[in-house]
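# Chains, contacts and geometry: an overview
Residues per chain are reported as follows:
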Amino acid sequence: MGKKLIIWHGDLTSRRALIQRGLTFLSGGMLWLMLFLVIPSLVLVALSFASRGSYGEVIWNFTVENYERLMGFSAFGWTPDYLYILGRSVVVAFLTTLISVILAFPLSFFIASRPPRTRYLWLTLVIVPFWTNMVIRAYAWFLILAPELPFAKLAATLGLVPEGAALYPSVFAVYLGMVSMFLPFVVLPLYSSVERLDWSLVEAAQDLYSSRSRVFFKAILPQTMPGLSVGVVLTFVPAMGTFVVPDLLGGAKYMLVGNLIQQQFGASRDWPFGAAVSMALMVLTMISLQLYRRRGEEIELL
Amino acid sequence: MNTNKEKNLTIQNVVKTFGKVEVLKTVNQEVRAGEFFTLLGPSGCGKTTLLRIIAGLELPTSGKVILGGDDITSLPAPKRQVNMVFQSYALFPHMTIYENVAFGLRSRKIAAGEIQRRVAYGLEMMGLDPMKDRMPDQLSGGQKQRVALARALVNEPDILLLDEPMSALDAKLRARVQEELRQLQRKLGTTFIMVTHDQDEALVCSDRIAVMNEGQIVQCGSPEEVYDYPRNKFVAEFLGAANLLKAKRCEGGVSTDIGSFTLAKTPEWHEGLVAIRPEWIRIRESQPEQNGLLATIQDIVYRGTNFDLLLSPGALRVRTNSFKHFKVGDQVWLELPAKELVVLGE
């Protein structure tokens, strides 16, 4: 008895040959992920249980000290500083995503309603900011929010900031920077859903006595879920770990988990603690996405 | 189910233009409460636009839509007691059949018990009860159509609008659904307004048909009236293959290229068209007393229930269910009965 022959997409072959072929195709990508994702992640896990030597070197003794420190326990008692940073990061990422989604909806519908030729012009305008480095974009906000410009002057007139002050560093500037950075990540996938929207469902909802909000939640939102989900993930995950924007526009006091990690691996030279913070970031991100998914399923069921 | 049987619909001088294109050119039409009314016409004749104006999904450029004495021209779709069965059915893909049918009632925040009762009745009436928990993409085309009907009808609308309701069904199912739709309408007594380009569908279902062409209603009447007495060339040709003859008025009738014929009614024009349906031309053994014509069979088309004979002169088409065997080349006597020769207007 030889190999059992099967026909696969018009190809006479055997099961073993198919598995081999599949593995051959996959091996490149698997190798890449192994080398640059799985192994570094495992190293990071191991590192988070090590400790820092006096000169910043890594001492491989198994300890949960880093996690205790992250939870706020230290020789001097308990402080919630690191927990605050983690919590703040979740809030900033959540609000950035939410604001971006709220802005992306009208923008996507606007672009989708343009005639085909100008539509690509608008899409290009959405993408243009990507052509510039993030740091440079953050510096551009410095210029826009500078004290001499109308925005800061208007805020001063309204009594929101002291006379002659810039609008940065501030929480407002952080959100401004974050939203402007992530908006395209929501708009592009959302637009692709909006463009394919089945308008007859919208009309059916109107015909069946729906209020405007019911039309949106029952006929439009479920149809845009595929694009919206991609946009939310593409925004939330990087927003959780971002550090350039809060660093430049938020100032030293407005620290997010990304800044904390950067600090540990950089200036503080405390790699083990940095690794522990990274683990916390990963876990938090995964939990949030899981919650989002569950919420998404609920919306679908409504 | 319907409680408002007295609500007539009046379309008054309705004009609709999209940019420079005049889709509807001054349409006036009355639709009586409780009738099955059909807008029949080729694609692009404006019939769907007119339906959408009645639904409130489109605003007329000018003119009025009056329902039961109330001007509803600018009343938005969600506020109109009018429901629609969409061409693609437009069922909500993420909702079960039950939820689809309940949608309109939920929108209006009707009491839960009442919703349950009405949805159950609607599902029962359409024979959908066994599949109420399924999703739309698990249903066949015919089942989807019934869901769309149930979803509209549970709202007990004054008017049910149907936009090409059979276009997604195969030919065999279509014939059955046409009759079912007719029976459903009779049973409910709700006004149905259907849009279609299929003359069979219009003839089977309707109490009255309005034939539309180029944004205007060309002729309106019962299926028999429209079919037997087409007003002009367009209607005659659109409702089945009619024989059209170019004619000149003469003493007692008309003269055509293939001979002179007596008519029941003298035409008003000097030169124009007369039409006769293929099924009204008689085949005679010998020369008839009036309106006779000796013709040669050029081709025979077998159509199951009958034969179509194509004859010269005049490229006449004659429909016959005669068992007599004809051969190509046979010469036969035809009679074009005076009362079946229809004089067409402009």
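Analysis parameters
- Residues numbered from 1 in each chain as written.
- Chains lettered and ligands numbered in written order.
- Predicted model: local features only at pLDDT ≥ 70, side-chain atom pairs only at ≥ 80, totals over all residues.
- Heavy atoms only, no water.
- Salt bridge = Lys/Arg side-chain N within 4 Å of Asp/Glu carboxyl O.
- Helix = DSSP H or I, 4+ residues; strand = E, 2+ residues; numbered from the N terminus.
- Buried < 20%, exposed > 50% of the residue type's maximum accessible area, 1.4 Å probe, protein only.
- Contact = heavy atoms within 4.5 Å.
- Buried area = accessible area lost by both parts, 1.4 Å probe.
- Polar contact = N/O pair within 3.5 Å; in protein donor to acceptor, adjacent residues only side chain to side chain.
- Nonpolar A, V, L, I, M, F, W, Y, C, P; charged D, E, K, R; others polar.
- Pairing = 2+ DSSP bridges.
- 1 Å grid on protein atoms, 1.4 Å probe; cavity = no way out; pocket = protein on both sides within 12 Å on 5 of 7 lines; lining within 4 Å.
- Points joined across faces, edges and corners; volume = space filled by probe spheres on them.
- Phe/Tyr/Trp six-rings, centres within 6.5 Å; stacked < 30°, edge-to-face > 60°.
- Axes fitted to C-alpha atoms, helices over the stretch in contact; angles between N-to-C directions.
- Core = buried A, V, L, I, M, F, W, Y, C linked by side-chain atoms within 4.5 Å.
- Domains from an automatic or database assignment.
- Disulfide = S-S within 2.5 Å.

Attention now moves to the pattern of salt bridges. Residue and element names in this part refer to chain B. Tallied over the entire structure, the rule returns 22 salt bridges over all chains. Among the ionic pairs, R176 bridges to E180, the shortest N-O distance being 3.3 Å. Placement of the pair is R176 and E180 together in helix α5 (residues 171-188), with a separation of 4 residues, close to one helical turn. D308 is paired through a salt bridge with R317; the nearest N and O atoms lie 2.6 Å apart. What makes R317 partly exposed here is its relative accessible area of 24%. Linked by salt bridges that have partners in common, E114, R117, R118 and E156 make up one network.

Our next topic: unusual backbone geometry. Leave glycine aside and you will find that most residues have negative phi; peptide bonds, for their part, are mostly trans. With an omega dihedral of -10 degrees, the bond running from Y168 of chain A to P169 of chain A counts as a cis peptide bond. Here P169 of chain A shows up in the loop between α6 (150-157) and α7 (171-195). Positioned with a positive phi, T26 of chain B is a non-glycine residue whose angle comes to about 50 degrees. Residue placement: T26 of chain B occurs in strand β2 (residues 21-31). Here T26 of chain B falls in the partly exposed class, since its relative accessible area comes to 45%. Its identity as a non-glycine residue notwithstanding, E164 of chain B has a phi of 40 degrees, on the positive side. Along the chain, the position of E164 of chain B falls in the loop between β7 (159-163) and α5.

Okay, the interface of chain B and chain A next. One frequent convention defines the size of an interface as the accessible area lost when the parts assemble. In this assembly, 24 residues from chain B lie in contact with 15 residues from chain A. Summed over both sides, the interface between chain B and chain A buries roughly 1800 Å², with carbon and sulfur atoms accounting for 60% of that surface. Inspection of the chain B/chain A interface yields 1 salt bridge. Among the ionic pairs, E203 of chain A bridges to R52 of chain B, the shortest N-O distance being 2.6 Å. Linking chain B to chain A there are 10 residue pairs in polar contact (both at pLDDT 80 or more). For the side of chain B that touches chain A, the secondary-structure elements that each account for two or more residues are β6 (82-85) and α2 (97-107) of chain B. Counting residues per element, the side of chain B that touches chain A draws most heavily on α2 of chain B, at 4 residues. Of the residues that constitute the side of chain B that touches chain A, the class distribution is 12 nonpolar, 7 polar and 5 charged.

Let us look at the pairing of strand β16 (residues 292-302) of chain B. Residue and element names in this part refer to chain B. As paired strands, β16 and strand β19 (residues 331-335) are joined by 5 bridges and run antiparallel to one another. Across the sheet, residue T296 finds its bridge partner in β19, namely Q331. Looking at chain direction, β16 and strand β17 (residues 307-312) are connected through 6 bridges and run antiparallel. Paired with Y302 across the strands is F307, a residue of β17.

Further remarks concern empty space enclosed by the protein. Residue and element names in this part refer to chain B. According to the stated counting rule, one finds 1 cavity of 30 Å³ or more in the structure shown. The calculated volume of the largest cavity comes to roughly 40 Å³. Along its surface, the largest cavity is lined by L9, I11, Q29, V31, F37, L39, L50, I54 and I193. The set of elements that each furnish at least two residues to the lining of the largest cavity consists of β1 (9-18), β2, β3 (36-40) and α1 (47-55). The residue makeup of the lining of the largest cavity, split by class, is 8 nonpolar, 1 polar and no charged.

With that settled, the discussion passes to the packing of aromatic side chains. Under the defined criterion, the tally for this structure stands at 18 aromatic pairs over all chains. On the numbers, 5.2 Å between centres and 75 degrees between planes, the contact of F105 of chain A with F216 of chain A is edge-to-face. Taken as a pair, F105 of chain A in helix α3 (residues 81-112) and F216 of chain A in helix α9 (residues 212-241) lie far apart in primary sequence, 111 residues in all. Between F234 of chain B and F238 of chain B the ring centres are 5.5 Å apart and the planes differ by 15 degrees, which places this aromatic pair in the stacked class. With F234 of chain B and F238 of chain B both in helix α8 (residues 233-238) and 4 residues apart, the pair spans about one turn of that helix.

If you add up the space inside the second largest pocket, you get close to 340 Å³. What lines the second largest pocket is simply Q206, S210, S211, R212 and V215 of chain A together with G56, L57, P76, A77, P78 and K79 of chain B. Of the residues belonging to the lining of the second largest pocket, the class tally is 5 nonpolar, 4 polar and 2 charged.

With that out of the way, let us pick up the sheet that holds β2 of chain B. Strands belonging to one sheet form pairs held by backbone hydrogen bonds; the direction of such a pair is parallel or antiparallel. Residue and element names in this part refer to chain B. Read across the sheet, 4 strands follow the order β2-β1-β4-β5 without closing on themselves; strand pairing throughout is antiparallel. Only two strands of the sheet have a single neighbouring strand rather than two, namely β2 and β5 (70-71). Against the sheet, α1 engages β1, β2 and β4 (62-67), with an angle of about 120 degrees to β1.

Let us look at the sheet that holds β19 of chain B. All names here are of chain B. Across the sheet, which stays open at both edges, the 5 strands sit in the order β15-β19-β16-β17-β18 with antiparallel pairing between neighbours. Strands with a single pairing partner mark the edges of an open sheet, and in this sheet they are β15 (282-284) and β18 (316-320). Between one strand and the next, the sheet's axes are offset by a mean angle of 50 degrees, whatever the strand orientation. When β15 meets β19, the two strands line up antiparallel, connected through 3 bridges. Bridging across to β19, R284 finds its partner in W333.

Turning to the nonpolar core, a few remarks are in order. Residues L228 of chain A together with L9, L39, F92, L161 and I193 of chain B are the most contacted members of the largest nonpolar core, which totals 59 residues. When residues of this core are assigned to their parent elements, the largest contribution, 7 residues, is made by α9 of chain A. Once you skip the residues sitting within four places of it in the chain, L161 of chain B turns out to touch L51, I54, A55, V82, N83, M84, V85 and I193 of chain B. Grouped together as the second largest cluster of nonpolar side chains are 35 residues, L139, A148, A150 and V154 of chain B included.

This part covers the domain arrangement of chain B. All names here are of chain B. Split into domains, chain B comes out as domain 1 (9-234) and domain 2 (241-344). With 8 residues of domain 1 at the interface, the matching set in domain 2 holds 8 residues. In total, domain 1 and domain 2 occlude about 670 Å² of area from one another, counting both sides; carbon and sulfur atoms represent 58% of this. Per-residue buried area on domain 1 facing domain 2 is highest for Y227, P230 and K233; these three make up 64% of the total on that side.

Right, let's talk about the state of the cysteines for a bit. All names here are of chain B. Evaluation of the coordinates by the stated rule reveals 0 disulfides over all chains. Cysteine C220 remains unbridged, with the sulfur of C45 as its closest cysteine sulfur at 14 Å. Overall, the relative accessible area of 26% leaves C220 in the partly exposed class.

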